Amino acid sequence: MSLSHFPSEAALLEAAPNRLAAQASGPLRGRLKPPGDKSISHRALILGLLSVGETLIDGLLEGDDVLRTAAACRALGAEVVRLGEGRWRVSGCGIGSLLAPREPLDFGNSGTGARLMMGVVGGHAITACFDGDASLRKRPMRRILDPLVQMGAEVLSEAEGGRCPILLKGASEPVPILYETPVASAQIKSAVLLAGLNSPGRTTVVETEASRDHTEKMLAHFGATISVEPFGTHGRKISLEGRPELRPAPLSVPADPSSAAFPMVAATIAPGSDIVIEGVMTNPLRAGLLATLLEMGADIEILDRRIEGGEEVADLRVRAAALKGVDVPAARAPSMIDEYPILAVAAAFASGLTRLRGLHELRVKESDRLAAVAAGLREAGVATQIIGDDLIVEGRGGEVEGGGSVETHLDHRIAMSFLCLGLASRQPMAIDDSRMIATSFPTFKADMERLGARFA
Ligand code: S3P
(Lines give C-alpha, C1' and ligand atoms only; values in the text may rest on other atoms or scores of the structure.)
Protein backbone atom coordinates (compact mmCIF):
# COMPACT_ATOMS: atom_id res chain seq x y z
CA MET A 1 0.00 0.00 0.00
CA SER A 2 1.40 3.41 -0.88
CA LEU A 3 0.70 6.75 0.70
CA SER A 4 -1.74 7.48 -2.09
CA HIS A 5 -4.14 5.03 -0.42
CA PHE A 6 -4.45 7.31 2.58
CA PRO A 7 -6.78 10.31 2.47
CA SER A 8 -4.95 13.32 1.08
CA GLU A 9 -5.38 16.64 2.79
CA ALA A 10 -7.55 17.73 -0.11
CA ALA A 11 -9.80 14.72 0.56
CA LEU A 12 -9.85 15.47 4.29
CA LEU A 13 -10.61 19.12 3.90
CA GLU A 14 -12.84 19.12 0.86
CA ALA A 15 -15.25 16.64 2.37
CA ALA A 16 -17.89 18.41 4.44
CA PRO A 17 -17.18 18.68 8.18
CA ASN A 18 -18.24 15.45 9.78
CA ARG A 19 -20.48 16.10 12.80
CA LEU A 20 -20.46 13.39 15.40
CA ALA A 21 -22.18 12.96 18.75
CA ALA A 22 -21.47 10.67 21.68
CA GLN A 23 -24.14 9.46 24.05
CA ALA A 24 -24.27 7.86 27.48
CA SER A 25 -23.12 4.36 26.77
CA GLY A 26 -23.13 2.39 29.98
CA PRO A 27 -19.96 0.72 31.15
CA LEU A 28 -16.97 0.40 28.81
CA ARG A 29 -15.50 -3.11 28.83
CA GLY A 30 -12.67 -4.92 27.05
CA ARG A 31 -9.11 -4.34 25.91
CA LEU A 32 -7.55 -2.01 23.38
CA LYS A 33 -4.10 -1.08 22.13
CA PRO A 34 -3.87 2.57 21.12
CA PRO A 35 -1.91 3.42 17.96
CA GLY A 36 1.83 4.12 17.94
CA ASP A 37 3.19 7.22 19.61
CA LYS A 38 2.99 10.24 17.33
CA SER A 39 6.16 11.94 18.59
CA ILE A 40 8.24 8.79 18.18
CA SER A 41 6.71 8.02 14.78
CA HIS A 42 7.75 11.40 13.32
CA ARG A 43 11.26 10.99 14.72
CA ALA A 44 11.62 7.42 13.46
CA LEU A 45 10.97 8.53 9.88
CA ILE A 46 13.25 11.55 10.17
CA LEU A 47 16.19 9.63 11.64
CA GLY A 48 15.60 7.02 8.95
CA LEU A 49 16.00 9.79 6.37
CA LEU A 50 19.22 10.98 8.04
CA SER A 51 20.95 7.61 8.21
CA VAL A 52 22.41 5.70 5.30
CA GLY A 53 20.73 2.35 4.74
CA GLU A 54 17.47 0.73 5.74
CA THR A 55 15.61 1.61 8.92
CA LEU A 56 12.79 -0.78 9.78
CA ILE A 57 9.96 0.61 11.88
CA ASP A 58 7.29 -1.40 13.59
CA GLY A 59 4.09 0.05 15.07
CA LEU A 60 4.32 3.39 13.22
CA LEU A 61 1.28 5.60 13.73
CA GLU A 62 -0.48 5.71 10.36
CA GLY A 63 -2.24 8.97 11.12
CA ASP A 64 -2.37 11.91 8.74
CA ASP A 65 0.26 13.92 10.67
CA VAL A 66 2.87 11.18 10.40
CA LEU A 67 2.02 10.41 6.77
CA ARG A 68 2.86 14.05 5.99
CA THR A 69 6.29 13.55 7.53
CA ALA A 70 6.71 10.35 5.48
CA ALA A 71 5.88 12.32 2.33
CA ALA A 72 8.36 15.06 3.33
CA CYS A 73 11.09 12.43 3.87
CA ARG A 74 10.43 11.20 0.32
CA ALA A 75 10.61 14.73 -1.04
CA LEU A 76 14.03 15.10 0.64
CA GLY A 77 15.34 11.94 -1.01
CA ALA A 78 14.46 8.93 1.15
CA GLU A 79 12.64 5.89 -0.10
CA VAL A 80 9.78 5.26 2.31
CA VAL A 81 7.79 2.05 1.89
CA ARG A 82 4.86 0.66 3.83
CA LEU A 83 5.53 -3.07 4.25
CA GLY A 84 2.38 -3.92 6.20
CA GLU A 85 0.18 -2.57 8.99
CA GLY A 86 2.45 -0.25 10.98
CA ARG A 87 5.57 -1.76 9.38
CA TRP A 88 7.62 0.70 7.35
CA ARG A 89 11.04 0.80 5.74
CA VAL A 90 12.97 4.01 5.25
CA SER A 91 16.03 3.97 3.00
CA GLY A 92 17.77 7.15 4.01
CA CYS A 93 20.29 9.37 2.24
CA GLY A 94 22.32 10.38 5.28
CA ILE A 95 23.32 13.65 6.89
CA GLY A 96 24.58 16.16 4.33
CA SER A 97 23.07 14.36 1.33
CA LEU A 98 19.45 15.53 1.23
CA LEU A 99 17.74 16.65 -1.97
CA ALA A 100 16.02 20.01 -2.31
CA PRO A 101 12.27 19.30 -2.51
CA ARG A 102 10.67 20.37 -5.78
CA GLU A 103 7.25 21.17 -4.27
CA PRO A 104 6.27 22.89 -1.01
CA LEU A 105 6.26 20.50 1.95
CA ASP A 106 2.65 20.33 3.14
CA PHE A 107 2.47 19.28 6.80
CA GLY A 108 -1.31 19.45 7.02
CA ASN A 109 -2.27 19.84 10.69
CA SER A 110 1.12 18.81 12.08
CA GLY A 111 3.19 21.29 14.08
CA THR A 112 5.62 18.55 15.09
CA GLY A 113 6.29 17.41 11.52
CA ALA A 114 6.77 20.97 10.27
CA ARG A 115 8.98 22.11 13.13
CA LEU A 116 11.23 19.05 13.26
CA MET A 117 11.68 19.15 9.51
CA MET A 118 12.55 22.86 9.68
CA GLY A 119 15.44 21.74 11.86
CA VAL A 120 16.52 19.17 9.27
CA VAL A 121 16.31 21.63 6.36
CA GLY A 122 17.85 24.43 8.47
CA GLY A 123 21.02 22.35 8.82
CA HIS A 124 21.37 21.54 5.12
CA ALA A 125 22.29 23.63 2.09
CA ILE A 126 18.81 23.27 0.58
CA THR A 127 15.75 25.48 0.35
CA ALA A 128 12.24 24.29 1.15
CA CYS A 129 8.81 25.82 1.53
CA PHE A 130 6.85 24.77 4.63
CA ASP A 131 3.08 24.95 4.64
CA GLY A 132 0.02 23.37 6.19
CA ASP A 133 -3.69 23.69 6.86
CA ALA A 134 -5.54 26.67 8.36
CA SER A 135 -4.65 25.55 11.90
CA LEU A 136 -0.91 25.14 11.16
CA ARG A 137 -0.82 28.51 9.36
CA LYS A 138 -1.84 30.17 12.63
CA ARG A 139 0.90 28.61 14.75
CA PRO A 140 4.05 30.49 15.78
CA MET A 141 7.23 29.38 13.99
CA ARG A 142 9.68 32.09 15.13
CA ARG A 143 10.53 29.92 18.13
CA ILE A 144 12.05 27.45 15.63
CA LEU A 145 13.37 29.93 13.07
CA ASP A 146 15.26 32.07 15.63
CA PRO A 147 17.80 29.41 16.64
CA LEU A 148 18.07 28.15 13.05
CA VAL A 149 18.96 31.66 11.88
CA GLN A 150 21.62 31.78 14.61
CA MET A 151 22.99 28.59 13.07
CA GLY A 152 23.18 30.22 9.63
CA ALA A 153 19.80 29.43 8.03
CA GLU A 154 17.92 32.20 6.21
CA VAL A 155 14.19 32.86 6.16
CA LEU A 156 13.55 33.93 2.57
CA SER A 157 9.86 34.60 3.12
CA GLU A 158 7.21 34.05 5.76
CA ALA A 159 3.60 34.99 6.41
CA GLU A 160 2.91 37.71 8.97
CA GLY A 161 4.29 37.05 12.44
CA GLY A 162 6.64 34.24 11.37
CA ARG A 163 3.94 31.89 10.19
CA CYS A 164 3.58 29.37 7.36
CA PRO A 165 3.99 29.40 4.42
CA ILE A 166 7.69 29.82 5.15
CA LEU A 167 10.52 29.59 2.62
CA LEU A 168 13.60 28.44 4.50
CA LYS A 169 17.14 28.30 3.13
CA GLY A 170 19.28 26.01 5.21
CA ALA A 171 22.84 26.76 6.30
CA SER A 172 25.59 25.30 4.13
CA GLU A 173 27.86 25.01 7.18
CA PRO A 174 25.60 25.21 10.27
CA VAL A 175 27.25 26.94 13.21
CA PRO A 176 27.19 24.86 16.40
CA ILE A 177 25.38 26.87 19.08
CA LEU A 178 24.42 26.73 22.73
CA TYR A 179 20.72 27.46 22.88
CA GLU A 180 18.45 27.89 25.88
CA THR A 181 14.86 27.21 24.86
CA PRO A 182 12.57 30.13 25.81
CA VAL A 183 9.67 27.74 26.57
CA ALA A 184 9.71 24.07 27.54
CA SER A 185 9.33 22.61 24.06
CA ALA A 186 10.58 19.32 22.68
CA GLN A 187 9.94 20.66 19.21
CA ILE A 188 12.36 23.58 19.65
CA LYS A 189 14.95 21.32 21.29
CA SER A 190 14.59 18.74 18.52
CA ALA A 191 14.80 21.28 15.68
CA VAL A 192 18.09 22.63 17.07
CA LEU A 193 19.54 19.14 17.58
CA LEU A 194 18.48 18.00 14.12
CA ALA A 195 20.11 21.07 12.56
CA GLY A 196 23.18 20.42 14.74
CA LEU A 197 23.58 16.98 13.19
CA ASN A 198 25.16 18.57 10.12
CA SER A 199 27.27 21.03 12.06
CA PRO A 200 31.05 20.58 12.45
CA GLY A 201 31.04 21.01 16.26
CA ARG A 202 29.02 20.51 19.44
CA THR A 203 25.44 21.76 19.59
CA THR A 204 24.02 22.24 23.08
CA VAL A 205 20.42 22.80 24.12
CA VAL A 206 19.53 23.88 27.64
CA GLU A 207 15.97 23.58 28.88
CA THR A 208 14.97 24.80 32.32
CA GLU A 209 11.98 22.39 32.38
CA ALA A 210 12.65 18.95 30.90
CA SER A 211 10.50 18.19 27.84
CA ARG A 212 9.93 14.81 26.19
CA ASP A 213 13.27 13.18 25.41
CA HIS A 214 12.49 10.99 22.39
CA THR A 215 14.88 12.80 20.02
CA GLU A 216 17.82 12.40 22.39
CA LYS A 217 17.07 8.73 23.04
CA MET A 218 16.62 7.94 19.38
CA LEU A 219 19.77 9.78 18.33
CA ALA A 220 21.74 7.67 20.82
CA HIS A 221 20.00 4.53 19.46
CA PHE A 222 21.23 5.48 15.97
CA GLY A 223 24.81 5.87 17.22
CA ALA A 224 25.15 9.63 17.70
CA THR A 225 27.35 10.93 20.51
CA ILE A 226 24.93 12.78 22.76
CA SER A 227 25.02 13.54 26.45
CA VAL A 228 22.23 14.57 28.80
CA GLU A 229 22.91 16.21 32.17
CA PRO A 230 20.60 17.66 34.77
CA PHE A 231 20.29 21.46 34.68
CA GLY A 232 18.91 23.42 37.63
CA THR A 233 15.99 21.90 39.52
CA HIS A 234 13.86 20.52 36.69
CA GLY A 235 15.94 21.11 33.57
CA ARG A 236 18.41 19.37 31.30
CA LYS A 237 21.43 20.19 29.20
CA ILE A 238 21.77 18.14 26.02
CA SER A 239 24.97 18.16 23.94
CA LEU A 240 25.34 16.59 20.53
CA GLU A 241 28.53 16.07 18.53
CA GLY A 242 27.88 17.07 14.93
CA ARG A 243 28.37 15.00 11.77
CA PRO A 244 27.95 11.56 13.27
CA GLU A 245 27.39 8.69 10.92
CA LEU A 246 23.93 7.59 11.91
CA ARG A 247 23.49 3.84 11.63
CA PRO A 248 20.02 2.53 10.81
CA ALA A 249 18.59 0.76 13.83
CA PRO A 250 15.29 -1.11 14.03
CA LEU A 251 12.58 0.74 15.91
CA SER A 252 9.45 -0.41 17.65
CA VAL A 253 6.97 2.36 18.42
CA PRO A 254 5.06 1.96 21.72
CA ALA A 255 1.40 2.94 22.14
CA ASP A 256 0.85 6.67 22.47
CA PRO A 257 0.03 7.80 26.03
CA SER A 258 -1.59 10.93 24.58
CA SER A 259 -4.06 8.70 22.69
CA ALA A 260 -4.44 6.27 25.62
CA ALA A 261 -5.57 9.31 27.62
CA PHE A 262 -9.00 9.23 25.95
CA PRO A 263 -10.09 5.68 26.85
CA MET A 264 -8.38 6.15 30.23
CA VAL A 265 -10.59 9.09 31.14
CA ALA A 266 -13.69 7.69 29.40
CA ALA A 267 -13.49 4.49 31.47
CA THR A 268 -12.90 6.52 34.64
CA ILE A 269 -16.03 8.65 34.17
CA ALA A 270 -18.43 6.09 32.63
CA PRO A 271 -19.92 4.23 35.64
CA GLY A 272 -19.19 0.49 35.87
CA SER A 273 -16.37 0.56 33.28
CA ASP A 274 -13.44 -1.84 33.46
CA ILE A 275 -10.93 -1.82 30.58
CA VAL A 276 -7.30 -2.68 29.89
CA ILE A 277 -5.21 -0.39 27.68
CA GLU A 278 -2.25 -2.37 26.39
CA GLY A 279 1.39 -1.45 25.88
CA VAL A 280 1.10 2.24 26.83
CA MET A 281 4.37 4.17 26.97
CA THR A 282 4.98 5.32 30.57
CA ASN A 283 8.09 7.46 29.91
CA PRO A 284 8.08 9.77 32.98
CA LEU A 285 8.28 12.82 30.71
CA ARG A 286 4.90 11.80 29.24
CA ALA A 287 3.19 10.45 32.35
CA GLY A 288 1.76 13.62 33.93
CA LEU A 289 -1.86 12.69 33.21
CA LEU A 290 -1.50 9.29 34.83
CA ALA A 291 -0.02 10.90 37.97
CA THR A 292 -2.77 13.52 38.07
CA LEU A 293 -5.63 11.05 37.59
CA LEU A 294 -4.22 8.88 40.38
CA GLU A 295 -4.11 11.96 42.64
CA MET A 296 -7.74 12.63 41.76
CA GLY A 297 -8.70 9.14 42.94
CA ALA A 298 -8.78 7.26 39.63
CA ASP A 299 -8.65 3.47 39.79
CA ILE A 300 -5.76 2.68 37.44
CA GLU A 301 -3.57 -0.37 37.96
CA ILE A 302 -0.20 -0.33 36.25
CA LEU A 303 0.43 -3.91 35.12
CA ASP A 304 3.35 -5.75 33.56
CA ARG A 305 5.81 -2.86 33.46
CA ARG A 306 8.40 -3.64 30.82
CA ILE A 307 10.79 -2.08 28.30
CA GLU A 308 9.79 -2.18 24.63
CA GLY A 309 11.78 -0.46 21.89
CA GLY A 310 13.87 1.32 24.53
CA GLU A 311 10.84 2.87 26.27
CA GLU A 312 9.05 1.95 29.48
CA VAL A 313 5.60 0.54 28.75
CA ALA A 314 2.83 -1.04 30.80
CA ASP A 315 -0.74 -2.27 30.53
CA LEU A 316 -3.21 -0.03 32.34
CA ARG A 317 -6.32 -1.50 33.93
CA VAL A 318 -8.82 1.32 34.35
CA ARG A 319 -12.03 1.01 36.36
CA ALA A 320 -14.64 3.71 36.87
CA ALA A 321 -14.04 5.82 39.97
CA ALA A 322 -15.33 8.90 41.73
CA LEU A 323 -12.81 11.71 41.28
CA LYS A 324 -11.99 14.69 43.45
CA GLY A 325 -10.69 18.06 42.27
CA VAL A 326 -6.95 18.81 42.59
CA ASP A 327 -4.48 21.61 42.05
CA VAL A 328 -2.14 20.71 39.18
CA PRO A 329 1.20 22.57 39.38
CA ALA A 330 2.57 24.41 36.34
CA ALA A 331 5.81 22.38 36.56
CA ARG A 332 3.86 19.29 35.49
CA ALA A 333 2.75 20.86 32.19
CA PRO A 334 5.57 19.57 29.94
CA SER A 335 4.79 15.97 30.93
CA MET A 336 1.12 16.27 30.00
CA ILE A 337 0.94 19.24 27.65
CA ASP A 338 -1.37 17.50 25.16
CA GLU A 339 -3.57 15.96 27.85
CA TYR A 340 -5.12 19.10 29.38
CA PRO A 341 -8.31 19.00 27.28
CA ILE A 342 -9.14 15.46 28.41
CA LEU A 343 -7.98 16.20 31.96
CA ALA A 344 -10.42 19.13 32.02
CA VAL A 345 -13.16 16.64 31.07
CA ALA A 346 -12.16 14.40 33.99
CA ALA A 347 -12.19 17.50 36.22
CA ALA A 348 -15.76 18.24 35.10
CA PHE A 349 -16.85 14.88 36.55
CA ALA A 350 -14.85 15.32 39.79
CA SER A 351 -16.27 16.76 42.98
CA GLY A 352 -14.88 20.17 43.85
CA LEU A 353 -12.60 22.56 42.00
CA THR A 354 -9.68 21.57 39.83
CA ARG A 355 -7.10 24.22 39.05
CA LEU A 356 -4.81 23.61 36.08
CA ARG A 357 -1.91 26.01 36.32
CA GLY A 358 0.47 27.53 33.79
CA LEU A 359 -1.35 26.71 30.54
CA HIS A 360 0.05 29.52 28.33
CA GLU A 361 1.35 27.01 25.75
CA LEU A 362 -2.18 25.68 25.26
CA ARG A 363 -3.06 28.86 23.43
CA VAL A 364 -0.73 27.97 20.53
CA LYS A 365 -1.55 24.31 19.92
CA GLU A 366 -3.68 23.01 17.01
CA SER A 367 -6.25 25.50 18.37
CA ASP A 368 -6.35 27.88 21.32
CA ARG A 369 -7.07 24.95 23.61
CA LEU A 370 -7.61 27.06 26.68
CA ALA A 371 -10.47 28.91 25.00
CA ALA A 372 -11.80 25.79 23.22
CA VAL A 373 -11.91 23.73 26.42
CA ALA A 374 -13.62 26.49 28.41
CA ALA A 375 -16.20 26.99 25.63
CA GLY A 376 -16.85 23.24 25.31
CA LEU A 377 -17.30 22.76 29.04
CA ARG A 378 -19.69 25.71 29.12
CA GLU A 379 -21.73 23.99 26.37
CA ALA A 380 -21.85 20.91 28.59
CA GLY A 381 -23.14 22.92 31.56
CA VAL A 382 -19.84 22.99 33.46
CA ALA A 383 -18.62 26.31 34.89
CA THR A 384 -15.01 27.30 34.26
CA GLN A 385 -12.85 30.34 34.83
CA ILE A 386 -9.63 31.38 33.14
CA ILE A 387 -7.44 33.39 35.49
CA GLY A 388 -4.21 34.41 33.82
CA ASP A 389 -2.83 31.16 32.42
CA ASP A 390 -4.80 28.94 34.79
CA LEU A 391 -8.02 27.08 34.06
CA ILE A 392 -10.39 26.41 36.93
CA VAL A 393 -13.05 23.77 36.43
CA GLU A 394 -16.01 23.51 38.81
CA GLY A 395 -16.51 19.77 39.02
CA ARG A 396 -20.09 18.43 38.89
CA GLY A 397 -19.43 15.37 41.02
CA GLY A 398 -20.28 12.80 38.33
CA GLU A 399 -23.40 14.62 37.11
CA VAL A 400 -22.50 16.47 33.92
CA GLU A 401 -25.46 17.65 31.84
CA GLY A 402 -23.90 17.63 28.33
CA GLY A 403 -26.29 18.33 25.48
CA GLY A 404 -24.32 20.97 23.58
CA SER A 405 -22.27 21.14 20.42
CA VAL A 406 -18.57 21.92 20.55
CA GLU A 407 -16.47 23.79 18.00
CA THR A 408 -13.28 21.83 17.43
CA HIS A 409 -11.30 24.40 15.36
CA LEU A 410 -9.46 21.65 13.41
CA ASP A 411 -8.17 20.21 16.72
CA HIS A 412 -8.17 16.42 17.12
CA ARG A 413 -7.74 16.51 20.89
CA ILE A 414 -10.66 18.87 21.41
CA ALA A 415 -12.77 16.54 19.24
CA MET A 416 -11.89 13.36 21.16
CA SER A 417 -12.12 15.03 24.58
CA PHE A 418 -15.71 16.17 24.14
CA LEU A 419 -16.78 12.87 22.59
CA CYS A 420 -15.46 11.19 25.75
CA LEU A 421 -17.44 13.66 27.85
CA GLY A 422 -20.60 12.69 25.94
CA LEU A 423 -20.11 9.00 26.81
CA ALA A 424 -20.88 9.82 30.44
CA SER A 425 -23.01 13.00 30.38
CA ARG A 426 -26.81 13.00 30.73
CA GLN A 427 -27.45 14.43 27.26
CA PRO A 428 -25.46 13.50 24.14
CA MET A 429 -22.52 15.74 23.31
CA ALA A 430 -21.86 16.73 19.70
CA ILE A 431 -18.75 18.02 17.95
CA ASP A 432 -18.87 20.06 14.75
CA ASP A 433 -16.18 18.06 12.94
CA SER A 434 -14.54 14.69 13.57
CA ARG A 435 -12.20 14.60 10.54
CA MET A 436 -9.10 15.74 12.40
CA ILE A 437 -9.21 12.71 14.72
CA ALA A 438 -7.43 10.92 11.85
CA THR A 439 -4.31 13.00 12.45
CA SER A 440 -3.40 11.09 15.62
CA PHE A 441 -5.92 8.30 16.37
CA PRO A 442 -7.47 7.07 13.12
CA THR A 443 -9.11 4.08 14.83
CA PHE A 444 -10.57 6.09 17.74
CA LYS A 445 -14.25 5.65 16.87
CA ALA A 446 -14.02 1.95 16.02
CA ASP A 447 -11.81 1.18 19.06
CA MET A 448 -14.12 3.02 21.44
CA GLU A 449 -17.20 1.37 19.89
CA ARG A 450 -15.62 -2.01 20.53
CA LEU A 451 -15.44 -1.06 24.22
CA GLY A 452 -19.15 -0.16 24.15
CA ALA A 453 -19.13 3.55 23.26
CA ARG A 454 -22.13 4.83 21.32
CA PHE A 455 -21.73 7.51 18.67
CA ALA A 456 -24.29 8.89 16.25
C1 S3P B 1 5.77 17.31 20.63
C2 S3P B 1 6.00 18.29 21.54
C3 S3P B 1 4.94 19.08 22.17
C4 S3P B 1 3.57 18.46 21.96
C5 S3P B 1 3.37 17.97 20.55
C6 S3P B 1 4.41 16.91 20.22
C7 S3P B 1 6.90 16.58 20.04
O8 S3P B 1 4.94 20.38 21.61
O9 S3P B 1 2.55 19.38 22.28
O10 S3P B 1 2.08 17.40 20.38
O11 S3P B 1 6.70 15.50 19.43
O12 S3P B 1 8.04 17.07 20.18
P13 S3P B 1 5.92 21.54 22.14
O14 S3P B 1 7.30 21.23 21.72
O15 S3P B 1 5.42 22.80 21.48
O16 S3P B 1 5.74 21.56 23.62
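Structure's up top.
Analysis parameters
Residues numbered from 1 in each chain as written. Predicted model: local features only at pLDDT ≥ 70, side-chain atom pairs only at ≥ 80, totals over all residues. Heavy atoms only, no water. Near = heavy atom within 4 Å. Polar contact = N/O pair within 3.5 Å; in protein donor to acceptor, adjacent residues only side chain to side chain. Helix = DSSP H or I, 4+ residues; strand = E, 2+ residues; numbered from the N terminus. Nonpolar A, V, L, I, M, F, W, Y, C, P; charged D, E, K, R; others polar. Domains from an automatic or database assignment. Contact = heavy atoms within 4.5 Å. Buried < 20%, exposed > 50% of the residue type's maximum accessible area, 1.4 Å probe, protein only. Axes fitted to C-alpha atoms, helices over the stretch in contact; angles between N-to-C directions. Parallel < 35°, antiparallel > 145°, perpendicular 65-115°, else oblique. Pairing = 2+ DSSP bridges.

A. Representation of the site of the ligand within the structure. The full set of residues close to the ligand is Ser39, Arg43, Thr112, Ala184, Ser185, Ala186, Gln187, Arg212, Ile337, Asp338 and Lys365. Taking Ala186, its main chain carries an N or O atom lying 3.1 Å from an oxygen atom of the ligand. Gln187 places a main-chain nitrogen or oxygen 2.9 Å from an oxygen atom of the ligand. Listing elements by their share of the shell around the ligand, those giving two or more residues are helix H2 (38–50) and helix H6 (186–196). Residues that form the shell around the ligand fall into these classes: three nonpolar, four polar and four charged. No fewer than three residues from each of domain 1 (9–35 + 254–455) and domain 2 (38–252) sit in the shell around the ligand.

B. Representation of the environment of Leu391 within the structure. Looking at the element boundaries, Leu391 is found in strand S21 (residues 390–396). For the pair Leu391 and Ser425, spaced 34 residues apart in the sequence, the C-alpha separation amounts to 21 Å. With residues near it in sequence (within four places) discarded, Leu391 still touches Ala344, Thr354, Arg355, Leu356, Leu359, Leu370, Val373, Ala374, Thr384, Gln385 and Ile386.

C. Geometry of the side chain of Thr408. In this structure, Thr408 sits in the loop between strand S22 (405–406) and helix H12 (412–422). Overall, the relative accessible area of 2% leaves Thr408 in the buried class. With residues up to four places along the chain from it excluded, the contact list for Thr408 reads Ser367, Ile414, Ala415, Ile431, Asp432 and Asp433.

D. View of the packing of helix H9 (residues 288–295) against helix H10 (residues 340–349). One can describe the packing of H9 onto H10 by two numbers: an axis separation of 11 Å at closest approach and a directional angle of 10°. Taken as axis vectors, H9 and H10 run roughly parallel relative to one another. In contact with Leu289, Thr292 and Leu293 of H9, H10 contributes Ile342, Leu343 and Ala346. Class assignment of the residues belonging to the contact of H9 with H10 gives a composition of five nonpolar, one polar and no charged.

E. Seen up close, the sheet that holds strand S19 (residues 351–356). Ordered by their spatial adjacency, four strands build an open sheet running S18-S19-S21-S20, and the pairing between neighbours is mixed. Both outer strands of the open sheet, strand S18 (327–328) and strand S20 (384–387), are each paired with one neighbouring strand and no more. Strand direction decides the pairing type here: S19 and S21, joined by six bridges, are antiparallel. Paired with Leu353 across the strands is Glu394, a residue of S21.

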